[in-house]
Structure formats: C-alpha cells, structure tokens
Amino acid sequence: MDNGAGDKIADKKAPKSQPSSEPCIANAAMPDTENPGQPTKPPTSTTNTTSANSRSLLAARLKASKNVELYVFEEDMNEAQESLPLADVASLELDVDTQESISKQQITFKSEQGRLLLLLPQASEKSFTPTEWEELCQQLTIRLSSGDRFFQPNTTVHLIARDRLLDSRQLQKIDELLQTAQLRMKRIYTQRRQTAVAATTSGYSVEQQVKLEHLSDTDDKGKALETPLYLQMTLRSGVEIRHQGSIIVLGDVNPGGSLIAAGDIFVWGRLRGLAHAGAEGNEDCRIMALHMQPTQLRIADHVARAPEKPPAMYQPEVAYVNKGGIRIAIASEFAQIHLNGP
Amino acid sequence: MAMNRIIVVTSGKGGVGKTTCTANLGMALAKSGKRVVVIDADFGLRNLDLLLGLENRIVYTALDVLAGECRLDQALVKDKRQPNLALLPAAQNRSKESITPEQMKKLVRALTKAYNFVLIDSPAGIEMGFRNAIAAAREAIIVTTPEISAVRDADRVIGLLEANDIKAMRLIINRLKPAMVEAEQMMSVKDVQDILAVPLLGVIPDDEQVVVSTNNGEPLILGKELTQAGTAVSNIARRLQGEKVPLMDLSVPKDSFLKKLRQLFN
Ligand SMILES: Nc1ncnc2c1ncn2[C@@H]1O[C@H](COP(=O)(O)OP(=O)(O)O)[C@@H](O)[C@H]1O
Ligand SMILES: [Mg+2]
C-alpha cells in the first residue's frame, strides 16, 4: 500500500460543485455582499502576527471594514523556507534521567505462609508525588478487583513499604482499598521512622527494619520468576500489567491494554492489545490466546505485528520464537510438535 | 531565530479535530517534501497513532526516551507510505502528569535538529497536558468548530497562548457545514473570526470521508482523489509554508438544489 511520491498535491482540483476555477470565498451569511452570485475577490489584507496586539487590531479591522470578509493569513516566513541542513535522526541525543524506568515498577502481591504480602514499588523519590500516589491506588484497585476470587476473606495483609514514606492518610487509603476485597491490613514493614510512627498512630502493628534482609525483598536481583499472576478482568485501553512471572488473564485484552511478563502469557479470551512475554530476555517464553488478534506481540527482544489480513476464523494460537523471529501456530498443532517431542 | 517550525495544534475543547488536523497536516507537509515529525502530547489518551495507522508499529514512547531506555530515533515511528513523516508516540498507560514541560522542551529541541516541522497534537483542556504541549511551541494552530462552546474555549486558549508568549497563531475552522451556515443555523467563518480575531489559516468542511479515513488509519491526504476536506488540508499546508492560496468555495451551489428537486420530480 505504497502511496507517496507519485501523487501531487491537488491544488487546482476544485471540488465538483465549484462552477468556475476563479477562487472565491464562501460566506453565505455575509450580509454585505452586493453580488452574492459572483465570486468575490481573494482577500488582500495581511497581518503581522508577531505583534502583541495583532489580535485586537485585526478585530478592529474586521469590524470596521465591510469588504473584508475573511482574513487570510499571509506568511512573512519566507526566511524559514531555506532551512539548515538537517541532522540525521540517529544522531539526536538527549540527556535523560533514569527515574522514569524505576517508576514503571508496579505493586505486587505475594502469598507467604497463608498471609499476603503487598509490596510497594521501589522509587528514587521516597515520598509519593500526587500523580504517583493516584496511579498506585488505581493499580491496587485493579489488582484487587481482578483477583478477588482468589483472595480468601479475612486474609491478613502485610504491607512491605520498604523505604517509602507513607502518612497515616495514605495508610488508611490502602487499608480501605484492601477492605473492598475483604482483606485486612495488619502489619507494616518499613525502614522509615516516619512511616512507622504514622502506622502506630493509626493502630497497625509495625516492624521497623534497618534493611530488608528477608520477606522477599527484590534487592538482590534473583532471576527466579514469581508465581504466576492470575487475573480475571477485561484489560482496557491504558491498563498495563507488569509481572515478574507468567500472567494468566481470564478475559479480554483490548487494544491499548498491555501485558508485560517475565514469563509466559496466557489470555483466555481475546488478545487485541499488546503482549510482551519473556520481557527480561527469555526467548523461550510464549504467548497463547484463544483469539489472537494482537496490536503487537513481543517475545524477549523480538517484535511482531499481526498480519494485515485477519484470518477468517479465530482459533487458539501460540506465538513463539524460532530462528526467523516470532511465529504463530495453531495451539493444538503447536502442542503436538513442540510439547510432546522426544 | 531558529529556522525550523515548532507548531502546537490546540483547541481547548475536545473532539473538534486537533488530532485529525495534526495527522493530515503532517502528511501534507511531508508530501510537499518537508521533513515532519508529529508529536502526540495526549498522554493517556493517545490517538494520533491510530489516525496515521501506525498503532501497531509503536515499540517505544516518548517516556521511554526520557527514561533513557531507548534512543530518540528508536522511538520515532516512520511512516512507510511517506518516509518524510515520523511520529513520536505518547505513552498510553500513564497520566498527563507523567511528563513535564521541561522534558517536552528537551524532546522537541532535539527533534528540531532533524525536522523542518515539529507538529504537536495537544490534548483537550487547559491543564497539565496542554501546558506540556505548548511548552516548546513557537507557533500555534487553533482548531475550532463553528459552535459557540468550541469558540469560547478557543478564545480562552488564545488568551493563554498569548500569556505564554506564543504570538504567532492561526485559526482553522473545522467541520463547517455550508448549508447550515446559509440557513443561518451555524456560525459563519466571519462570525467565528469576529470573536477570535486570529488570522485564518483555512476552513475544513464537514466531510464523511474524514470519519472513514480515521477508521482506516489512512490520512485524507493519501487518497488518490482528494475530497473537499482533503483539498482544504492540503491548501492549509501550503499556506503554512507561505504560499498564497485562496480559500476554497464552500458555498452550496444554488443550482444543485434545483437539480436535486428536478431529479425528485422526474
Ligand atoms: N472535517 C471533519 N468532518 C467530519 N468529521 C470530522 C472532521 N474533523 C474531525 N472529524 C471527526 O471528529 C472527531 C474528533 O476528531 P479529533 O481529531 O479526534 O478531535 P480532537 O483531537 O480535537 O479531540 C473524529 O471522529 C473525527 O473523525
Ligand atoms: Mg485528539
């Protein structure tokens, strides 16, 4: 579908209804036009847009003159025409700060000996910005509502706050959200005295830690995957789920929604958004969907788009990586070839 | 004065055609041989990629660039149909507050080195997203429809742009329905200009083809046969480059109505 250089701009191509090639200005509601049927003259006025009061000048002119119908901008920008030699795009550089990548981390739930641990994401800023806090609450709400079938009522939750600063209002908000899934926040693990004080005054028990050594802190970057994340929800546009293990979705992933997993991805529904399996670099990871219609698939460093023409019928499919990149196979056949091998 | 043009496309009100104008204008400018980058500044509600049919090619977004996760050129999505055009996508999963005006300036400053035109598609509203969109701009295109509410919001935005020292402003009136104007059921071009008093860059008629092209991710400008709206946009692109192109005649041809009547009775 290449369409480009050949076409010239249809400057003179008049719309079908236009009787003459004479340029004219349409304004039927104009009361001052003497000869409504006749084409009027093209506008002759110019303006200096860079002057501060150009707007009011123009307004005055518009009001004063009966003949000025439309005020067409005429550029004084001819010096902008011959431009500097352009740099190569690849040479463009930017100084960056890596804070953004840290803030991509999400909250995680872990079960440990019958309790749930809620781990807050790490960040370079210790206290939450309003935006960050709002995003965190949204994430928590989504996680809680998409997994509430699996939460046993009255399970106690331990909040692993790491070195983040939380005030009592924020602690209560987390507690409130947890209660919507009938979970109860009981204990808070924190490295910050301030957070500990806020927690105690709000009536939670507190474990103040100098440095987290246990309780599955991810400081020592182990490569072991987390237990799979199981979600029952429709992932709508703008929702992104990241997980350090496999993700299973019971529901649809809409265009604009994305799943990013260190492990495999299973969508028991329609995958129309983006799925990235093996996001930490594992090419052996796979993406399966009952209805594979993704905007984009990624496995490790490979990227693939769905074929332009959708298939006549959807059936469960698997995306995997071979020498040629990402491939898609019908799930049942894939199982025969790749899973039951010697 | 720097040579290259940095233009924000903004309106105040949502749904008046900012994204449509950015996509089509970007394509038209690229087609005329200029190197163009369009930036989606609508973080969290990005659309520009859809209109350009580039959604499935996005790998990195502006935020990834700012976080140092990729180089700027890796985030730019090149348009296969028109190699002069590139898109810098917004992040869809983040809010408008996830980027600052300073960061926006940084991105745009880098891009101006490699592109003749930087077009910035602004989100609706006058909050953070708007502030980000205008932060780096030197010129503005105000898009409005001939409706009181849209014009009111445009007026507010013009004031804010002036306050932010963006003086080079031009107006696009979008979705004009000549028949309704003639029946005095819609504001005319002059009515709108009377209020806004910003030099007119062009008028785009209401055109069903716009919706079709939106849904297909095929900008109007790529069509073989330009529709009225397509011609209007391509004229706007030429005016933007200093050419004097007269406004199109959008009046309802008098005889066509009679013809229709006659057809009815035949
Ligand atoms: N000239 C036009 N004729 C018909 N429909 C239009 C026209 N311009 C825009 N639209 C439609 O209006 C809607 C909003 O346009 P969009 O560009 O997304 O607005 P914004 O970016 O200002 O929110 C889209 O559905 C688009 O197809
Ligand atoms: Mg838009």
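These numbers come from a predicted model, not from an experiment.

Looking only at helices and strands, one finds six helices and 16 strands in chain A. Put simply, chain A has 342 residues, and 44% of those count as buried. Summed over all atoms, the accessible surface of chain A reaches about 19200 Å², with 49% contributed by carbon and sulfur.

To continue, consider the nonpolar core. One finds Leu111(B) and Ile120(B) to be the most contacted residues of the largest nonpolar core, which totals 98 residues. With seven residues, the top contributor of residues to this core is helix H1 (residues 18-31) of chain B. Not counting chain neighbours up to four residues away, the residues in contact with Leu111(B) comprise Leu92(A), Val37(B), Ile39(B), Leu72(B), Leu76(B), Leu88(B) and Val118(B). Counting residues in each nonpolar core, the second largest holds 27 residues, with Ile107(A), Leu120(A), Phe128(A) and Tyr204(A) among its members.

Here we take up the site of ligand 1. All names here are of chain B. Neighbouring ligand 1 are 16 residues, the closest being Gly15, Lys18, Thr19, Thr20 and Asp207. One of the side-chain nitrogen or oxygen atoms of threonine 214 is found 3.2 Å away from an oxygen atom of ligand 1. Burial of ligand 1 by the protein amounts to 83% of the accessible area it has alone, namely 570 Å². For the shell around ligand 1, the secondary-structure elements that each account for two or more residues are H1, strand S7 (168-176), strand S8 (200-205) and helix H10 (208-216). Class assignment of the residues belonging to the shell around ligand 1 gives a composition of five nonpolar, seven polar and four charged.

The subject of this paragraph is unusual backbone geometry. If you check the backbone angles, Asn154(A) has positive phi at about 70° while not being a glycine. Assignment of secondary structure puts Asn154(A) in the loop between helix H3 (130-146) and strand S3 (156-162).

As defined by bridge partners, strand S4 (residues 184-190) of chain A adjoins strand S5 (residues 205-208) of chain A across four bridges and the pair is classed as parallel. Paired with Ile188(A) across the strands is Val206(A), a residue of S5(A).

What follows concerns the packing of helix H5 (residues 101-112) of chain B against helix H6 (residues 128-135) of chain B. All names here are of chain B. Between H5 and H6, the least distance of the axes is 8 Å, while the angle of their chain directions is 30°. It follows that H5 is roughly parallel to H6 by the angle criterion. For the pair H5 and H6, the crossing hand works out as right-handed. Contact residues: H5 offers Pro101, Met104 and Lys105, while H6 offers Met128, Arg131, Asn132 and Ala135. Its residues assigned to classes, the contact of H5 with H6 comprises four nonpolar, one polar and two charged.

Moving on: the confidence of the model for chain B. In this model, chain B carries an average pLDDT of 92, and 93% of its residues clear a pLDDT of 70 or more. Overall fold confidence (pTM) sits at 0.79, and the ipTM for the predicted complex is 0.82.

The rules we used
- Residues numbered from 1 in each chain as written.
- Chains lettered and ligands numbered in written order.
- Predicted model: local features only at pLDDT ≥ 70, side-chain atom pairs only at ≥ 80, totals over all residues.
- Heavy atoms only, no water.
- Helix = DSSP H or I, 4+ residues; strand = E, 2+ residues; numbered from the N terminus.
- Buried < 20%, exposed > 50% of the residue type's maximum accessible area, 1.4 Å probe, protein only.
- Areas by Shrake-Rupley, 256 points an atom, 1.4 Å probe, with all protein chains shown as cover.
- Core = buried A, V, L, I, M, F, W, Y, C linked by side-chain atoms within 4.5 Å.
- Contact = heavy atoms within 4.5 Å.
- Near = heavy atom within 4 Å.
- Polar contact = N/O pair within 3.5 Å; in protein donor to acceptor, adjacent residues only side chain to side chain.
- Nonpolar A, V, L, I, M, F, W, Y, C, P; charged D, E, K, R; others polar.
- Pairing = 2+ DSSP bridges.
- Axes fitted to C-alpha atoms, helices over the stretch in contact; angles between N-to-C directions.
- Parallel < 35°, antiparallel > 145°, perpendicular 65-115°, else oblique.
- Left-handed = near helix turned anticlockwise from the far one by under 90°.
- pLDDT = per-residue confidence, 0-100.

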